[in-house]
Amino acid sequence: MLRMNVAVCVKQIPDPAAPGELDPGTNNLVRTGKLILDDSDAYGVEIALRLAEQAGGGEVTLVSMAPNGEVSGLRTALAMGASRAILVSDEKLAGSDALGTARVLAEAIKRASPDLVLAATESTDGYTGTTPVQVAELLGLPAVTFAKKVEVEGGNVKVERQTEAGYDEVICPLPALVTVTAGVVEPRYPSFKGIMAAKSKPVDQLDVAGLGLSPDQVGAAGAGQRVIEVADAEERGAGEIVEDDGEGFAKIVAYLEQLKIV
Amino acid sequence: MALGKVWVLAEIAAGAPTGMALELLAGAKSLGAGSIEAVAWGPDVAAAAPALGAAGATKVYDAGDIGSGLPGAPVGAAIAGLIGGGNVPDAILFGASYDGRDIAARLSAKIGHGVITNCVGLEAAGDGIVASHALFGGAKVVTSTFTGAKPWIFVVRAKTFAAEESPAGAPCEVESIPVPDLGRTGAATVVNRHVEERSGPKLDEAPVVVSGGRGLGQADKYAMVEELAKMLGGAPGASRAIVDAGWVPYSYQVGQTGKTVKPAVYIACGISGATQHMVGMKGSKNIIAVNKDKDAPIFSIADLGIVGDVHKVLPALIDALKNR
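Keep in mind it's a predicted model, so treat the numbers as computed, not measured.

**Looking at helix 1 (residues 19–30) of chain B**
Residues and elements named next belong to chain B. With twelve residues, helix 1 extends 16 Å from end C-alpha to end C-alpha; this agrees with the ideal 16 Å at 1.5 Å per step. Those residues of helix 1 that sit buried are Met-20, Ala-21, Glu-23, Leu-24, Leu-25, Ala-26, Gly-27 and Ala-28. Structurally, helix 1 contributes buried residues whose contacts are with strand 1 (5–9), strand 3 (16–17), strand 4 (35–40), helix 2 (45–54), strand 6 (91–95) and strand 10 (152–156). Positive backbone phi, at 75°, marks Gly-32, one or two positions downstream of helix 1.

Given below as structure tokens:
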């Protein structure tokens, strides 16, 4: 294949290191502050860039759905080397579930006509883990999930897919969708040149109407589910914490004895 | 009005339902389902039917041997076909396994119904089902319910329900269901399967789990974790950090993206306790943590915490156990 066009689904999320917040009115995750590129998505971006480089050219298009026209996470991925981004942002999308999100991403991906669609196996914040395969179904594409290795050869994608017992080697003709696990590759750091270049790379912004979706297919209206309550989890009280004075191991032995493990 | 029919995705391995399949059947029973039926695929469905029957299923829909295909598209389409034909259960329970998630997602998009995933609890409430799942690494518990049309699709994490010891002999009818034309969606083919040999008990069934994290410093130090696990009749586990670093295979991972474990004793060695990890092991009966950072989050849930260097504490512990 001479050119390889890859679309990468990326999520822009609140910094996972900061305490998470829910909107008390809607119980939706609060995503109004500064958003960053979900760490899980950096792997897909890296693989996409490598596949395009190996093919000798092609476009890596980022596809994202985020509130308030948020682009800071997209800029990070553009600085890594992606060519352009499609961002879907619309108030009507608030409260979307995984399927509603998949409808939006699928419509956006169509506009990039990719040979391959990449996504993380799940996001760090919501971790529903179904959106990519829902996207594949809506686009009529085959999907290979949980990839720990991805190669493209002669119009096929070759994947090592994790399984309960080990892994499977899977071959799938393109176009296809693949979800990648963390750690498959080492994502590159954006270079200074990359960061500067990212500022002028195109980000096409679309809304629900622009995608040709009707408002009842997305957002809280399309979700068909509601949150009843958000409660603090039962606290698991801390037990005995001791500094190791060289005899810490004996504490563990005594504890295991008391439980009759040894 | 009580709950009507509930379907359970029953994954089958080596001619028998997996632990997850039996857990989900127990879950359907605990919901007070009017009837429980299973959906399965593969060459061994008929062989597994008696075990499914004993666990409460009166019927198993058999999507057949899918050969070298991946199950997501064909099994999802077969279930959608049943529903399209007017056979509509109230709910379908899927395990949060590699294939369970794929099938649930395919089905969801095909029939246009949403999913509630990562369930760690399901309860019947009137004629609905309330699902709970953990958020922010288990700091919050969210309960939610479907408001839309049936069937409702739930993806349930391992160990949410306890598989029941079942009396033998309850009959379970096997009904073949067709896999419709998949178009391009069924184009992926498995060309080779690799089994990574592990000795000792399975990670998610072991009474003791000893896990290692970044604090071990380097890959070869993981041998200490394996040795301790073996001495205690347990299984070795790992944090995402060292799986990502390639020290151990993914199948060792405990956490949100890995396995959920609930052993009698969990020993965390050099694991700081990222929310991603804690969500997979918080349910352990007893937690022991060894970490040199006294502020590591893992200590907030440890029953016994040793603030110290794993490179000193673990060898001493292993020696002490050897000399008993």
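Moving on, there is more to tell.
**A closer look at the interface of chain A and chain B**
Contacts between the two partners involve 79 residues from chain A, matched on the other side by 80 residues from chain B. Each partner contributes to the roughly 7100 Å² buried at the junction of chain A and chain B, and carbon and sulfur atoms together form 56% of this total. Of all residues in chain A, A:Tyr127, A:Glu137 and A:Arg236 bury the most surface against chain B, accounting for 12% of the area lost on that side. Counting across the chain A and chain B interface gives ten salt bridges. Here chain A is connected to chain B by 40 residue pairs in polar contact (both at pLDDT 80 or more). When the residues that make up the side of chain A that touches chain B are grouped by side-chain class, the tally is 39 nonpolar, 20 polar and 20 charged. Pairing analysis gives seven bridges linking strand 12 (residues 225–232) of chain A to strand 9 (residues 140–146) of chain B, with the strands arranged antiparallel.

**Structural notes on the packing of aromatic side chains**
What describes a pair of aromatic rings is the distance from one ring centre to the other and the angle between the planes of the rings. If you walk through the whole model with that rule in mind, you get six aromatic pairs over all chains. Both rings, one in B:Tyr98 and one in B:Tyr250, keep their centres 6.3 Å apart while their planes meet at 55°; by these two values the pair is tilted. In this pair, B:Tyr98 is assigned in helix 4 (residues 98–111) and B:Tyr250 in the loop between helix 6 (240–244) and strand 15 (265–269), connecting sequence segments 152 residues apart. Cluster of aromatic residues (ring-pair linked, three or more members): A:Phe146, B:Tyr98 and B:Tyr250.

**Considering a nonpolar patch on the surface**
A surface patch of nonpolar side chains, about 320 Å² in accessible area, is lined by A:Phe192, A:Ile195 and A:Met196. For A:Ile195, the position within the fold is in helix 5 (residues 192–198).

**Let's talk about the side chain of B:Asn286**
Position of B:Asn286 among the secondary structure elements: in strand 16 (residues 286–291). For B:Asn286, a relative accessible area of 16% translates into the label buried. Beyond its immediate sequence surroundings of up to four residues, B:Asn286 is in contact with A:Arg236, A:Tyr255, A:Leu259, B:Pro263, B:Ala264, B:Val265, B:Tyr266 and B:Asp303.

**A short note on unusual backbone geometry**
Cis geometry is found at the peptide bond from A:Leu174 to A:Pro175, where omega equals 0°. For A:Pro175, the position within the fold is in the loop between strand 9 (166–173) and strand 10 (176–180). Residue B:Pro151 is reached from B:Lys150 by a cis peptide bond, and omega for that bond is 5°. As for its placement among the helices and strands, B:Pro151 is situated in the loop between strand 9 and strand 10. The residue A:Phe146 is not glycine, and still its phi comes out positive at about 55°. By relative accessible area, which is 6% here, A:Phe146 ends up buried. Residues other than glycine seldom take positive phi values, yet B:Ala14 does so here, at roughly 50°. Mapped onto the elements of the fold, B:Ala14 is located in the loop between strand 2 (12–13) and strand 3. With a relative accessible area of 82%, B:Ala14 lands in the exposed category.

**Quick word on the environment of A:Glu91**
All names here are of chain A. Looking at where Glu-91 falls in the secondary structure, it is placed in the loop between strand 5 (84–88) and helix 3 (98–110). Classification of Glu-91 as exposed rests on a relative accessible area of 77%. As a C-alpha pair, Glu-91 and Ala-231 span 140 residues in sequence and 27 Å in three-dimensional space.

Cut-off values and rules
- Per chain, residue numbering runs from 1 following the sequence as it is written.
- Key to labels: chains lettered from A, ligands numbered from 1, both in the order written.
- Reporting in this predicted model follows two pLDDT cut-offs: at least 70 for local features of residues, and 80 or more for side-chain atom pairs to be given and counted; totals over whole chains, interfaces and linings ignore these cut-offs and use all residues.
- With hydrogens and water stripped out, all remaining heavy atoms of the structure feed into the side-chain values.
- Secondary structure counts use DSSP, requiring at least four H or I residues in a row for a helix and at least two E residues in a row for a strand, with both numbered from the N terminus.
- Under the convention used throughout, the expected extent of a helix is 1.5 Å for every residue step, that is, one less than its residue count.
- Whether a residue is buried, partly exposed or exposed follows from its accessible area with a 1.4 Å probe, protein chains only, as a fraction of its type maximum: under 20%, in between, or over 50%, in that order.
- Here a residue-residue contact requires only that any non-hydrogen atoms of the pair lie within 4.5 Å.
- In this description, buried area is defined as the sum, over both parts, of the accessible area (probe of 1.4 Å) that is lost when the two are combined.
- Any Lys or Arg side-chain nitrogen found within 4 Å of a carboxyl oxygen on Asp or Glu counts as a salt bridge.
- Counting of polar contacts relies on pairs of N or O atoms within 3.5 Å, with two restrictions inside protein: one atom must be capable of donating a hydrogen and the other of accepting it, and residues adjacent in sequence are counted only when both atoms are side-chain atoms.
- Each residue is assigned to one class: nonpolar for Ala, Val, Leu, Ile, Met, Phe, Trp, Tyr, Cys and Pro, charged for Asp, Glu, Lys and Arg, and polar for all the others, Gly among them.
- Any two strands between which DSSP finds at least two bridges are classified as paired.
- Side-chain rings of Phe, Tyr and Trp (the six-membered ring for Trp) are treated as a pair once their centres are within 6.5 Å; stacked means planes under 30 degrees apart, edge-to-face means over 60, and tilted covers the remaining angles.
- Only residues whose relative accessible area exceeds 30% and that form no salt bridge are eligible for patches; like-charged ones are grouped when within 9 Å, while nonpolar side chains (Val, Leu, Ile, Met, Phe, Trp, Tyr) are grouped when within 5 Å.
- All accessible areas in this document rest on Shrake-Rupley with a 1.4 Å probe, and a residue is counted as covered only by the protein chains that are shown.

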